[in-house]
Amino acid sequence: MFQLLGTSALRSRLGVAVVLAIIVFGVVGIARVVSGPDGRSAGVFPAVDSSSTATTDPEEADDGVVEPRPVTSTAVDPGPSLSPGAQEPAEIAKAFATSWLDRTAKVADWYAALVPHTTAGLAAKLKGVDPVVVPAERLTGTPTVVPRGTGLVEVSYPVDSGTLLLRVVVADGRWLVDGVDWDRS
């Protein structure tokens, strides 16, 4: 009899259904044990206290989506690794932008003019690039320098075909261009 239940019962539809039911009940049982007595998961993330509620004064202005306040400081914080007397980020950005926009230069000359103003990482990405692919020809306005953190600024230049965006970082004791982007306006 035991042999009969062991082989033919497991091969029948009823046997397969019983085995699946045991597996499902086992998984549900384990889930209930893990979830704890109050039904909340005892997993990696802490439980949220749903008893606290936020209140607002209806007399106050908009209580909609909260966005972070924009940074109002325009002071550039180079951090402690900037060497004394180093050029300002806008100066480095202008030197880079002027060289970057020289689409008539030979590939080697164009690259050589950019390297003194770039980090090693950006220099490696620009190696072999043909300046003909640069999507602009000239600067058309003054730069906007926006501090993004310690040792990091974004310099944007209006150009004839949009805006040239340069990420300038402190590296090797001076400001260097670490990223180039272009935004079509």
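Here the structure is shown first, and the text comes after it.
What you see is a predicted model; the values in this text were computed from it and never measured. (Residues numbered from 1 in each chain as written. Predicted model: local features only at pLDDT ≥ 70, side-chain atom pairs only at ≥ 80, totals over all residues. Heavy atoms only, no water.)

Trainee: Residues and numbers for the pattern of salt bridges, please.
Mentor: Side-chain pairs of opposite charge can arise where the charged atoms are in close proximity. Applying the stated rule across the entire model yields four salt bridges. Here D178 and R167 are joined by a salt bridge, their closest N and O atoms 3.3 Å apart. With D178 in strand β4 (residues 174-183) and R167 in strand β3 (residues 162-171), this pair connects stretches of sequence that are eleven residues apart. (Salt bridge = Lys/Arg side-chain N within 4 Å of Asp/Glu carboxyl O. Helix = DSSP H or I, 4+ residues; strand = E, 2+ residues; numbered from the N terminus.)

Trainee: Any chance you could break down unusual backbone geometry for me, citing the residues and the numbers?
Mentor: Of note, the phi angle at D172 is positive, near 55°, even though the residue is not glycine. With respect to the element layout, D172 can be found in the loop between β3 and β4. The class for D172 is exposed, based on a relative accessible area of 72%. (Buried < 20%, exposed > 50% of the residue type's maximum accessible area, 1.4 Å probe, protein only.)

Trainee: Tell me about helix α4 (residues 107-114), and please be specific about residues and values.
Mentor: Residues separated by three or four positions in an α-helix point in the same direction, a consequence of the helix having 3.6 residues per turn. Along α4, the residues that are buried comprise W110, Y111 and L114. Viewed along the axis of α4, the buried residues span an arc of 95°, placing them on a single side of the element. Exposed positions of α4 whose direction lies more than 90 degrees from the buried face are A108 and D109. Residues of α4 that are buried make contact with α3 (89-100) and α5 (120-126). (Arc of directions from axis to C-beta. Contact = heavy atoms within 4.5 Å.)

Trainee: Describe the side chain of S156, and please don't skip the residues or the numbers.
Mentor: With respect to the element layout, S156 can be found in strand β2 (residues 152-159). A relative accessible area of 15% places S156 in the buried class. The contacts of S156, once residues within four sequence positions are left out, are T142, P143, T144, T163, L164 and L165.

Trainee: Tell me about a nonpolar patch on the surface, residues and numbers included.
Mentor: Taken together, the side chains of V16, V19, L20, I23 and V27 make up a nonpolar region of the molecular surface, amounting to roughly 420 Å² of accessible area. Inspection of the secondary structure assignment puts I23 in helix α2 (residues 13-35). You can call I23 partly exposed: its relative accessible area is 48%. (Patch = residues over 30% accessible without salt bridge, like charges linked within 9 Å, V, L, I, M, F, W, Y side chains within 5 Å. Areas by Shrake-Rupley, 256 points an atom, 1.4 Å probe, with all protein chains shown as cover.)

Trainee: Quick rundown of the sheet that holds β2? Include the residues and the values.
Mentor: Hydrogen bonds between backbone groups are what pair the strands of a sheet, and the pairing can be parallel or antiparallel. As summarised here, the arrangement of the four strands in space is β1-β2-β3-β4, forming an open sheet in which the pairing is antiparallel. Unpaired on one side and paired on the other, β1 (144-149) and β4 mark the two borders of the sheet. With strand direction ignored, the average angle separating the axes of adjacent strands in the sheet is 25°. By the bridge criterion, eight bridges tie β2 to β3 in an arrangement that is antiparallel. (Pairing = 2+ DSSP bridges. Axes fitted to C-alpha atoms, helices over the stretch in contact; angles between N-to-C directions.)

Trainee: So what about the nonpolar core? Which residues, and what values?
Mentor: Core analysis: the biggest nonpolar cluster contains 25 residues, and F96, W100, L166 and V168 have the highest contact counts within it. Residue assignment for this core shows that the elements contributing at least two residues are α3, α4, α5, β2, β3 and β4. The dominant element in this core, judged by the number of residues it contributes, is α3, at five residues. Aside from chain neighbours lying at most four places away, what touches V168 is P89, A93, G151, L152, V153, V155, W175, L176 and V177. (Core = buried A, V, L, I, M, F, W, Y, C linked by side-chain atoms within 4.5 Å.)

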